[in-house]
Amino acid sequence: MSWDYFDKIYCISLRERPDRKAEAEAQFEKAGLAGLVEFAIFDKDTANPERGIYVSHFRCIQKALEEGADTVLLFEDDILFRNFDPRVLKNGIDFLKHSPDWHFLFLGCMVKASRHAGCPSVIKVRYRSLTHAYAIHRRFAETIEPWKGVAYDDMLRDLEDDRAFALYPSFAFQSNSPSDNERYLRLDRFRRLLGGLRILQRLDEFWHLRRIQIILAHLAAILLLVWFIS
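What counts as what
Residues numbered from 1 in each chain as written. Predicted model: local features only at pLDDT ≥ 70, side-chain atom pairs only at ≥ 80, totals over all residues. Heavy atoms only, no water. Helix = DSSP H or I, 4+ residues; strand = E, 2+ residues; numbered from the N terminus. Buried < 20%, exposed > 50% of the residue type's maximum accessible area, 1.4 Å probe, protein only. Areas by Shrake-Rupley, 256 points an atom, 1.4 Å probe, with all protein chains shown as cover. Contact = heavy atoms within 4.5 Å. Pairing = 2+ DSSP bridges. Axes fitted to C-alpha atoms, helices over the stretch in contact; angles between N-to-C directions. Core = buried A, V, L, I, M, F, W, Y, C linked by side-chain atoms within 4.5 Å. Polar contact = N/O pair within 3.5 Å; in protein donor to acceptor, adjacent residues only side chain to side chain. Salt bridge = Lys/Arg side-chain N within 4 Å of Asp/Glu carboxyl O. Expected span 1.5 Å × (residues − 1). Arc of directions from axis to C-beta.

A.B. asks: Before we go on, may I ask you to explain the overall build of the protein in this structure?
C.D. replies: Counting its regular elements, the protein contains seven helices and 10 strands. Classification of the 230 residues of the protein by burial places 49% in the buried group. In the form shown here, the protein has an accessible surface area of approximately 12,000 Å², with 57% of it arising from carbon and sulfur atoms.

A.B. asks: What is the right way to look at the side chain of S56 in this model?
C.D. replies: By secondary structure assignment, the location of S56 is in helix α2 (residues 49-66). When neighbours within four sequence positions are excluded, S56 is seen to be in contact with I12 and F42.

A.B. asks: Hey, could you run me through the sheet that holds strand β2 (residues 38-42) in this one?
C.D. replies: Think of a sheet as strands paired side by side through backbone hydrogen bonds, with each pair either parallel or antiparallel. A sheet is described by the order of its strands in space; here eight strands give the open sequence β2-β1-β3-β8-β5-β9-β7-β6, paired in mixed fashion. Two strands lie at the open edges of the sheet, namely β2 and β6 (110-119), each paired on one side alone. Mean inter-strand twist for the sheet, computed between neighbouring axes without regard to direction, equals 30 degrees. Sitting on the sheet, α2 touches β1 (8-14), β2, β3 (71-76) and β8 (133-137), and the angle it makes with β1 is about 155 degrees. Strands in contact with helix α5 (residues 152-159) are β5 (104-106), β6, β7 (122-129) and β8; relative to β7, the strand with the most contacts, it is inclined by about 125 degrees.

A.B. asks: Quick question: what am I supposed to make of the nonpolar core here?
C.D. replies: Side chains of nonpolar character tend, in soluble globular proteins, to be buried together. The biggest cluster of nonpolar side chains holds 34 residues, and the ones touching the most others in it are I61, I136 and I144. In terms of residue count, the dominant contributor to this core is α2 (six residues). Discounting chain neighbours no more than four positions away, the residues touching I136 are I61, D70, T71, V72, L74, W102, H103, F104, A141 and I144. Counting 31 residues, the second largest nonpolar core, distinct from the first, contains Y5, A24, L107 and L167.

A.B. asks: What's the story with the environment of E38 in this structure? I'm lost.
C.D. replies: The topology assignment puts E38 in strand β2. On the basis of relative accessibility, which here comes to 34%, the residue E38 falls in the partly exposed class. Sequence separation of E38 and I12 is 26 residues, and the distance between their C-alpha atoms is 8.8 Å. Here the side chain of E38 touches K63 through a polar contact of 3.2 Å, side chain to side chain.

A.B. asks: Can you help me understand the pattern of salt bridges in this one?
C.D. replies: Side-chain pairs of opposite charge can arise whenever the charged atoms involved come near each other. For the coordinates displayed, the defined rule picks out 18 salt bridges. A salt bridge links R87 to D85, with the shortest nitrogen-to-oxygen separation between them at 3.1 Å. According to the relative accessible area criterion, R87 is exposed, its value standing at 61%. Note that D154 and R157 form a salt bridge whose closest N and O atoms lie 3.2 Å from each other. Residue D154 and its partner R157 are both found in helix α5; the two are separated by three residues, about one turn of the helix. Owing to a relative accessible area of 27%, R157 belongs among the partly exposed residues under this scheme. Among the ionic contacts, a cluster of salt bridges with common partners joins K8, E38, K63 and E67.

A.B. asks: Please explain helix α3 (residues 86-97) as it appears in this structure.
C.D. replies: Given 3.6 residues per turn, any residue in an α-helix points the same way as the ones three and four places further on. Taking 1.5 Å per residue, 12 residues should reach 16 Å; α3 reaches 16 Å between its end C-alpha atoms and fits that length. Along α3, the residues classified as buried are V88, L89, G92, I93, F95 and L96. Seen from one end, α3 has its buried residues packed into an arc of 155 degrees, which puts them on one side. For α3, the exposed residues set more than 90 degrees away from the buried face come down to R87 and K97. Packed against the buried residues of α3 are β5, β6, β7 and β9 (164-167).

A.B. asks: Looking at this model, I keep getting lost on the pairing of β8. Mind explaining?
C.D. replies: Two faces, one strand: in a regular strand the side chains alternate between the faces of the sheet. The element β8 is extensively covered by neighbouring structure, given that five of its five residues are classed as buried. Burial along β8 is two-sided: the residues A133, A135 and H137 and Y134 and I136 are all buried. Sheet analysis places β3 next to β8, joined by five bridges and oriented antiparallel. Looking at the pairing, L74 lines up with Y134 of β8. Note: β5 against β8, three bridges, orientation antiparallel. Of the residues in β8, the one forming a bridge with L105 is A135.

Shown next as structure tokens:
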């Protein structure tokens, strides 16, 4: 199984949310990850949830580095697998094996831009948000600094890293379980009204890979309409 490529696999979970841990375990069973994932259990940082999220990712990465890992796969406990395809995973892992300078491989995320990377199952991305399922290499992990008041997603986004990739089509999503970050509860509710992050992530993926064709199609439709009414 391609999951064996990763030296360490963690799932971040809160001690206060055993329900989410159980749900994550069921999801891992579906994707062939049963028994391969180490749960990293943290107490919720009630004073600053963003700090708590950052610290949990940072501590998992540091633990993996201390134990000699070069490749680390991290999940959050609201992980949701849909249309999991072992061939997409294998193609992605083969791509990493032949790309010695990669930093990230997202199994699903929101992006600011994307383009094909020469592999049918991998796209090169400019990351925007979501860290529910991603792999990181030691060469980059060693540069991540402790909490400095910036949310983990924002820190990664602002780096504008040019060695970030994502599986295509993505098969890892965030579930519609309510967020534990009180700052984003209103945004979280709005996302769920729009169908949830799974739908939004799919739309984001579709738009960024096909935006030129979409724009040209709309322009053609407008020109055709103008021709008919003129």
